[in-house]
Amino acid sequence: MEEKKAETTNKNVKKANLLDHHSIKHILDESVSDIVTSRGYKEDVRLSNLKLILGTVIIVVALFAQFYNKKFPENRDFLIGCIALYVVLNAVLQLILYTKEKNAILFTYPPEGSFTSTGLVVSSKLPRFSDQYTLTIDSADPKSISAGKSVQLTKSVTQWFTKEGVLVEGLFWKDVEALIKNYAEEEPKKKK
């Protein structure tokens, strides 16, 4: 009986390679998403869907250029059009990533029964060769009257991981939930 408990405990453990900052950031970001959604915020996937649709259109354009019925000299104008469309659509996709997504790991709708009309944008940073993980919670619509002030948490990842690379979820959950609570308690910005 105790062996089964040990096995289920080991399956739920989130372990990272401490020498790989991408692995650490991935586990922390995944945990942040779990924490925020467990607090009643539903994930807003509209931007992800837009990126997927745009990526699919880009692939279709590339496939048309590759497998068009005519051979090269005859389809020169068609290929030039496909290449130009491919470049333009990729530029639009990169513009969306640069302006809207930035470092965001999660976009949410406002929680049900909430008086605010905006969701959250949760973003994180873990610079290369640094142990300082920065988690930021912003309003999805910063210009809204119900938008809260941005709150930020910067802490060393060594606070949340054991020497073996196992995430101590209790400590991490406590810090993230305190940050969410801090954001919820902030007074909305007053428009002048």
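Residues numbered from 1 in each chain as written. Predicted model: local features only at pLDDT ≥ 70, side-chain atom pairs only at ≥ 80, totals over all residues. Heavy atoms only, no water.

The protein has the name Signal peptidase complex subunit 2 in an unreviewed UniProt entry, where Camelina sativa is given as its organism. What UniProt records for the protein under Function (unreviewed entry) is the sentence "Component of the signal peptidase complex (SPC) which catalyzes the cleavage of N-terminal signal sequences from nascent proteins as they are translocated into the lumen of the endoplasmic reticulum. Enhances the enzymatic activity of SPC and facilitates the interactions between different components of the translocation site." In its Subcellular location (unreviewed entry) section, the UniProt record describing the protein reads: "Endoplasmic reticulum membrane". (UniProt positions renumbered as here; feature names shortened; annotations may be inferred.)

Visitor: How would you sum up the pattern of salt bridges? Please name residues and give values.
Guide: One pass over the full model with this rule turns up six salt bridges. The shortest N-O distance in the salt bridge between Asp34 and Lys14 comes to 3.4 Å. In this pair, Asp34 is assigned in helix H2 (residues 21-38) and Lys14 in the loop between helix H1 (2-12) and H2, connecting sequence segments 20 residues apart. Residue Asp34 is classed as partly exposed on the basis of its relative accessible area, which comes to 38%. Here Glu101 makes a salt bridge to Lys51, at a shortest N to O gap of 2.5 Å. Taken together, the positions of Glu101 in helix H4 (residues 76-101) and Lys51 in helix H3 (residues 46-66) put the pair 50 residues apart, joining distant regions of the chain. Taken together, the salt bridges that share partners define one network made up of Lys14, Asp34 and Glu169. (Salt bridge = Lys/Arg side-chain N within 4 Å of Asp/Glu carboxyl O. Helix = DSSP H or I, 4+ residues; strand = E, 2+ residues; numbered from the N terminus. Buried < 20%, exposed > 50% of the residue type's maximum accessible area, 1.4 Å probe, protein only.)

Visitor: Could you give an account of helix H5 (residues 169-185), with specific residues and numbers?
Guide: With 17 residues, H5 should cover 24 Å at 1.5 Å per step; its first-to-last C-alpha distance of 24 Å lies within 8% of that length. Taken together, the buried positions of H5 are Phe172, Asp175, Val176, Leu179, Ile180 and Tyr183. Projected down its long axis, H5 carries its buried residues within an arc of 135°, all on one side. For H5, the exposed residues lying more than 90 degrees away from the buried face are Gly170, Lys174, Ala184 and Glu185. Contact partners of the buried residues in H5: H2, strand E2 (120-125), strand E3 (132-139) and strand E4 (151-156). (Expected span 1.5 Å × (residues − 1). Arc of directions from axis to C-beta. Contact = heavy atoms within 4.5 Å.)

Visitor: Explain the confidence of the model for the protein to me, and be specific about the residues and the numbers.
Guide: Atom-level detail of predicted coordinates should not be read off regions where pLDDT is low. Model confidence for the protein is summarised by a mean pLDDT of 83, while 88% of its residues fall at 70 or above. Predicted confidence for residues 1-9 stays below pLDDT 50, and this span has zero contacts to residues more than four positions away or in other chains. (pLDDT = per-residue confidence, 0-100.)

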